[in-house]
Amino acid sequence: MDASWLRGTLLVLFGYLLGSVPFGILVAKAFDRELDLRKAGSGNIGATNVARTLGRGAGILTLAFDAGKGILALAIARQFLDPSAHHWLALVGGAVFLGHIFPVYLRFRGGKGVAAALGVVLFLSPETAFVLVVLFAAVLYFTRFVSLASLCAATGLPVAMAFLGKSRHYVTLALMMSFLVIYTHRENIHRLLSGQESRFGPPPGK
């Protein structure tokens, strides 16, 4: 194994371990030492459940930390990789994303991947991230379903990445993240179809 492969492999491992850090649980503990987020609300460790359980401030903080995992890992990776090594950057980003969903510290039961994916996409393609944030915000504003907004953004991710002419490695990563975000929302999809999904926040104009 040459030096570039060893360096890339170590960065991918670092990305996975950083992605596995459960910031939702850590933020929840900072706000309420007695709270086990996995037993509160929906039981998910993501920003939405934190916001519903502890307020929007805690939710925003969790979102920032979870997205920050991808940004930090990729920023460090770029310092050690050739600028044209899109395949390694895609692998590091994918490792952070997979670490968030399947964290080694929580027996591989983590979040749904939306915030981690946002951080990865924000670093690799800010234009794509902008399109997806606008789409997410619009769907959330009119429907108040975080899950539906997340699903729409996930569906649009590979489309936007390809339309904007990004590296095929980034498009492949986008397809993987899109599929897994949709998969992790399978229970939400069932509740949306059955009319049992919870809405977030007040109706528009209230």
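Here the structure is shown first, and the text comes after it.
We now turn to the structure provided with this report. None of the values given here were measured: they were computed from a predicted structure. (Residues numbered from 1 in each chain as written. Predicted model: local features only at pLDDT ≥ 70, side-chain atom pairs only at ≥ 80, totals over all residues. Heavy atoms only, no water.)

Moving on to the packing of aromatic side chains. Counting across every chain of the model gives three aromatic pairs. Each ring, one from Phe 23 and one from Phe 65, has its centre 5.0 Å from the other, and the planes form 15°; the classification is stacked. Highlighted residues: Phe 23 in helix α2 (residues 23–31) and Phe 65 in helix α4 (residues 56–80), separated in sequence by 42 residues. Take Phe 23: its relative accessible area is 18%, and that puts it in the buried class. For Phe 65, a relative accessible area of 38% puts it in the partly exposed group. Between Tyr 141 and Phe 142 the ring centres are 5.0 Å apart and the planes differ by 85°, which places this aromatic pair in the edge-to-face class. Given a relative accessible area of 48%, Tyr 141 falls into the partly exposed group. Its relative accessible area of 64% is what places Phe 142 among the exposed residues. Sitting over the face of the ring of Tyr 183, Arg 186 holds its NZ or CZ atom 4.1 Å from the ring centroid. (Phe/Tyr/Trp six-rings, centres within 6.5 Å; stacked < 30°, edge-to-face > 60°. Helix = DSSP H or I, 4+ residues; strand = E, 2+ residues; numbered from the N terminus. Buried < 20%, exposed > 50% of the residue type's maximum accessible area, 1.4 Å probe, protein only. Lys NZ or Arg CZ within 6 Å of the ring centre and 35° of its normal.)

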